[in-house]
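# Report on the structure
Now for the letters of each chain:
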Amino acid sequence: MSDFNVEDYSDVTLSPLTSDVENELCKIMYTEEYKQLMGIAFTLMKQDEFSDRAFQLTSKIIDIAPAFYTIWNYRYKILDDKVTSCRENDDARINLLNDELDWLDEVTLNNPKNYQIWSYRQSLLTNLHPSPSIKRELPILQLMIDDDSKNYHVWSYRKWCIIFFKITDFNKELEYTNSLIDSDIYNNSAWNHRMFIFKSINQSEKLDQSIINGEVDYIKGKIETVPQNISPWNYLRGFLHNFCHETTAVSDLIPFAEKFVNIEEIQNQQLPDIESSYALEFLAEAFSLDDSTKQRAVECYKGLATKYDPIRENLWNHKIELLK
Amino acid sequence: MDKSTSRIKFIDSKLLGRKRQPTETVVNSEENKEEEPEILIMKEIETQTTLDREETLSKCVPLLSVDRQPELNSQFHRMFLDYPFQNSMPPQMAAMDAGQPWIAYWVANSLKTMDPDWISDEYKERIAEKLSIISPKGGPFGGGMDQLPHIAGTYAAINSIVLCDNINDCWEKINRSAIYEWLLSLKTENGGFRTCDPVGEVDTRGVYCALSIASLLNIVTDELCEGVVDFLVNCQTYEGGFGGCPFEDEAHGGYTFCAVASLMILNSFDKISVEKLMEWCSARQYNEEKGLSGRSNKLVDGCYSFWVGATAAMIEASGYQNPINKEALREYILCCCQTDEFPGLRDKPGKRADFYHTNYVLLGLAISESEFQYRDNNKHSASSILSKPIRLRDNSSNLIEISPIYGLPAKDVEKFTSFFLEKTI
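Because the structure is a prediction, the values reported are computed rather than measured. (Residues numbered from 1 in each chain as written. Chains lettered and ligands numbered in written order. Predicted model: local features only at pLDDT ≥ 70, side-chain atom pairs only at ≥ 80, totals over all residues. Heavy atoms only, no water.)

## Quick look at the overall build of chain B
Across its full length, chain B carries 17 helices and four strands. Burial statistics for chain B: of 425 residues in total, 61% are counted as buried. Pairs at least 24 apart in sequence give 67% of the contacts found in chain B among residues at least 6 apart. (Helix = DSSP H or I, 4+ residues; strand = E, 2+ residues; numbered from the N terminus. Buried < 20%, exposed > 50% of the residue type's maximum accessible area, 1.4 Å probe, protein only. Contact = heavy atoms within 4.5 Å.)

Below is the structure:
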């Protein structure tokens, strides 16, 4: 692909970017370069020109205005047209689309918060590419997560890939979340992705008991490392809800949660220092499940409301109301 | 520069500088107590998450402990908002070139929330005129002149025109049937809406924009809503909040708002676990900063005062306990989201004000000073949520009542929807 050269467009009349209306609201004072590039692009779009020079122009514009979704759509239509013109030749089509993915990787690295990149990529893989591969997708996702381990779009796209490519070997994916949780135990996106993996496994084959026990041990280990961490506690509750007989499983974990809280002192309203407000919340919920321990639950919620997590008083009082 | 060199340079500058190995230190509980007496955490590991949090705490806590009654500096913020309506915008605003209706909505809505008289007839006329430049046929709207129609651009355009009190009959000029046909064409098989055709994302944000537009214009039909409730219900995660896409995308403040507001419009709030949603909303508020975060273990950000605060307000209007501490949220907003040095409102201390944050922080502030209920408890319609000011110990910010579903002044929503009430598609 040759580089952008403005002389290739010398025959194109520039479309105006603003109206003739005097005093137009929120008029942007575009730079000359911007006016020229966009002016050419709008003219070419109006003519439905699907040429190489139009394609090169879209690269140039996405470089300076990555959120300009109209240009992404224009580029997609040109690409679609190119793919159609070599529909007889699979190799040519694959080369064309892989080049496009290479280009997209570069744009992605420079624009971590951009929306358009990911939907463009999905459309390309879904509608145009004859032989898409998850192997081609993972390296860029890895780089993006190395840069920002909670990048929402990247996690969402990774999940989309697992579904789109019908991945059934989930061990690699689990190892990946292990490594991210090892480097930041508070990374909720990684914990969330784990839930997605287990739900996916459970859809294809019912999770067997040893896997369930293994995962509960994993969570317990992470909680022991840092007890005051909302991510594994939320995940624990979600995991028990999704894959276990919830009430039994929750009750079984009371002794574990009591390791972080001196529950007897809390019952006597002494409000000692505790290691985890989330452990106390877990205990409150566990005690709520059985009529004989409801009063214990109330004392836990009172402790949360007065000392351990007072900003959430409204929620704790609501929980106490439910117990009455 | 060839590709590989540029990639290495990028990695050097952007990645290596930020990547930190976790340090396994158990923080001594005694030290911890001295510095931050309210935190009872005994064990923690230093990671990127804790470093980011500490930085935020170090900037917020001093501002929150100032011993004076914080007040909204409305007149000062007005300067920030009048500027883009009275001047051309500098070249760096070209970054918003594909979102021009958003600027109109954020700025006009911020002004009107502070004082309805701050939106002059001249502003209203020019907003209406701007939208007719973007779409001479009255919609659907793109991000600017000649741009493709976009669901978010159309949402922001309709919200902007709601604020204009039908000046010069501008409401008559909206092309409802064209907008309806176009929304139908964006529907996807799984019950979502594509934000733009052919390339655009499909998530709860697109669903919310579509339903907000349609319900305001009275063009909601069974065909338009087919499969939408299922799409939304499947976005609720084990944490209780909602992700952008079905099947376990991470719960997130913005997407949660979009899903919950959509369910309110569809009268299907009872289809989800409200209890889990309450837990999740409440867990967004931190004891130390007092503001709201958008996800578990992420930082507070003023914009979630609306995204999460409005979700909590919708829960309240539906007859449940509001899971948020409004008084504390108000304190975060007034102490941490404004300064005397620069007008406008911001994400958090250390960040610059922008129009997006100014709008959503102000809406969050309005919510923190109001109570919510349905006008008629037997008949729930999206435009009939009443917001009543709470009597405050400190001075109220005197913001007007806003609709938590639409992020617009409640009176304007009522006026606009009654205008289209009798009209058919």
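## Here we look at the interface of chain A and chain B
The partner chain B presents 88 residues to the 84 residues of chain A that form the contact. Interface area, chain A with chain B, both sides summed: about 7,800 Å², of which 56% is carbon and sulfur. It is Leu25(A), Tyr152(A) and Ile311(A) that lose the most area in chain A upon contact with chain B, and together they represent 11% of the buried surface on that side. At the junction of chain A with chain B, the criterion picks out 43 residue pairs in polar contact (both at pLDDT 80 or more). Element by element, the count of residues in the side of chain A that touches chain B is highest for helix α9 (residues 188-204) of chain A, at nine residues. Among the residues forming the side of chain A that touches chain B, the class breakdown is 35 nonpolar, 25 polar and 24 charged. (Buried area = accessible area lost by both parts, 1.4 Å probe. Polar contact = N/O pair within 3.5 Å; in protein donor to acceptor, adjacent residues only side chain to side chain. Nonpolar A, V, L, I, M, F, W, Y, C, P; charged D, E, K, R; others polar.)

## Describing helix α7 (residues 151-162) of chain B
Between its first and last C-alpha, α7(B) extends 16 Å over 12 residues, near the 16 Å set by a 1.5 Å rise per residue. Buried within α7(B) are the following residues: Ile151(B), Ala152(B), Gly153(B), Thr154(B), Tyr155(B), Ala156(B), Ala157(B), Ile158(B), Asn159(B), Ser160(B), Ile161(B) and Val162(B). (Expected span 1.5 Å × (residues − 1).)

## Quick notes on the pairing of strand β1 (residues 370-374) of chain B
All names here are of chain B. With burial as the criterion, only one face of β1 is covered, namely that bearing Ser-370, Phe-372 and Tyr-374; the residues Glu-371 and Gln-373 on the opposite face remain uncovered. In this sheet, strand β2 (residues 385-389) lies alongside β1 in antiparallel orientation, the contact comprising five bridges. Each bridged residue has a counterpart across the sheet, and for Tyr-374 the counterpart in β2 is Ile-385. (Pairing = 2+ DSSP bridges.)

## Considering the packing of helix α16 (residues 294-308) of chain A against helix α17 (residues 313-323) of chain A
Residue and element names in this part refer to chain A. Packing of α16 against α17 leaves a shortest axis separation of 9 Å and a crossing angle of 165°. Between α16 and α17, the angle is such that the two are roughly antiparallel. Crossing handedness for the pair α16 and α17: left-handed. Counting all contacts with α16, which are made through Lys-294, Ala-297, Val-298, Tyr-301, Lys-302, Leu-304 and Ala-305, the residues of α17 involved are Glu-313, Trp-316, Asn-317, Lys-319, Ile-320 and Leu-323. (Axes fitted to C-alpha atoms, helices over the stretch in contact; angles between N-to-C directions. Parallel < 35°, antiparallel > 145°, perpendicular 65-115°, else oblique. Left-handed = near helix turned anticlockwise from the far one by under 90°.)

## With respect to the nonpolar core
Counting 244 residues, the largest nonpolar core has Trp233(A), Ile158(B), Leu183(B) and Phe416(B) as the members making the most contacts within it. In terms of residue count, the dominant contributor to this core is helix α14 (residues 304-317) of chain B (10 residues). In this structure, this core is formed jointly by two domains, domain 1 (168-243) and domain 2 (245-324) of chain A, each of which donates at least three residues. Excluding residues within four positions of it along the chain, Trp233(A) makes contact with Ile223(A), Pro227(A), Phe256(A), Ala257(A), Phe260(A), Ser276(A), Tyr278(A), Ala279(A) and Phe282(A). (Core = buried A, V, L, I, M, F, W, Y, C linked by side-chain atoms within 4.5 Å. Domains from an automatic or database assignment.)

## Points about the domain arrangement of chain A
Residues and elements named next belong to chain A. As assigned here, chain A comprises domain 1 (168-243) and domain 2 (245-324). Of note, the centres of domain 1 and domain 2, computed from C-alpha atoms alone, are 23 Å apart. Taken together, the contacts link 13 residues of domain 1 with 16 residues of domain 2. When the buried surface of domain 1 facing domain 2 is broken down by residue, Trp-233, Arg-237 and Leu-240 rank first, second and third, together holding 43% of it. A salt bridge links Arg-237 to Glu-281; its shortest N-O distance comes to 3.2 Å. Within the residue set of the side of domain 1 that touches domain 2, elements represented by two or more residues are α10 (209-225) and α11 (230-243). Classifying every residue of the side of domain 1 that touches domain 2 by side-chain character gives seven nonpolar, three polar and three charged. (Salt bridge = Lys/Arg side-chain N within 4 Å of Asp/Glu carboxyl O.)

## Remarks on the packing of helix α4 (residues 74-86) of chain B against helix α5 (residues 100-114) of chain B
All names here are of chain B. Packing of α4 against α5 brings their axes to within 10 Å, and their N-to-C directions diverge by 150°. In this view, α4 runs roughly antiparallel relative to α5, as classed from their interaxial angle. Remark: the crossing between α4 and α5 carries left-handed chirality. Facing α4, whose interface residues are Ser-74, His-77, Arg-78, Leu-81, Asp-82, Pro-84 and Phe-85, α5 presents Ala-104, Val-107, Ala-108, Ser-110, Leu-111 and Met-114. For the contact of α4 with α5, the per-class residue count stands at eight nonpolar, three polar and two charged.

## Thoughts on the side chain of Gln147(B)
By the element assignment, Gln147(B) lies in the loop between α6 (121-134) and α7. Its relative accessible area of 8% is what places Gln147(B) among the buried residues. Each residue touching Gln147(B), except ones within four places of it in the same chain, is listed here: Phe42(A), Phe68(A), Tyr69(A), Thr70(A), Asp97(B), Ala98(B), Gln100(B) and Gly142(B).

## What to know about the packing of aromatic side chains
Each aromatic ring pair is described using two quantities: the centre-to-centre distance and the angle formed by the ring planes. Within this structure, the stated rule accounts for 44 aromatic pairs over all chains. Here Phe198(A) and Phe239(A) contribute two aromatic rings whose centre-to-centre distance is 5.4 Å and whose plane-to-plane angle is 85°, an arrangement assigned as edge-to-face. Residue Phe198(A) is found in helix α9, and its partner Phe239(A) is found in helix α11; the two are separated by 41 residues along the sequence. Look at Phe239(A) and you get buried, because its relative accessible area is 0%. An aromatic cluster is present here, built from Trp102(B), Tyr105(B), Trp106(B), Tyr155(B), Tyr208(B), Phe257(B), Phe306(B), Trp307(B), Tyr356(B) and Tyr360(B) joined pairwise through their rings. A cation over a ring is seen here: Lys82(A) above Phe55(A), with NZ or CZ 4.8 Å from the ring centre. We note Arg194(A) situated over the ring of Tyr218(A); from NZ or CZ to the ring centre the distance is 3.9 Å. (Phe/Tyr/Trp six-rings, centres within 6.5 Å; stacked < 30°, edge-to-face > 60°. Lys NZ or Arg CZ within 6 Å of the ring centre and 35° of its normal.)

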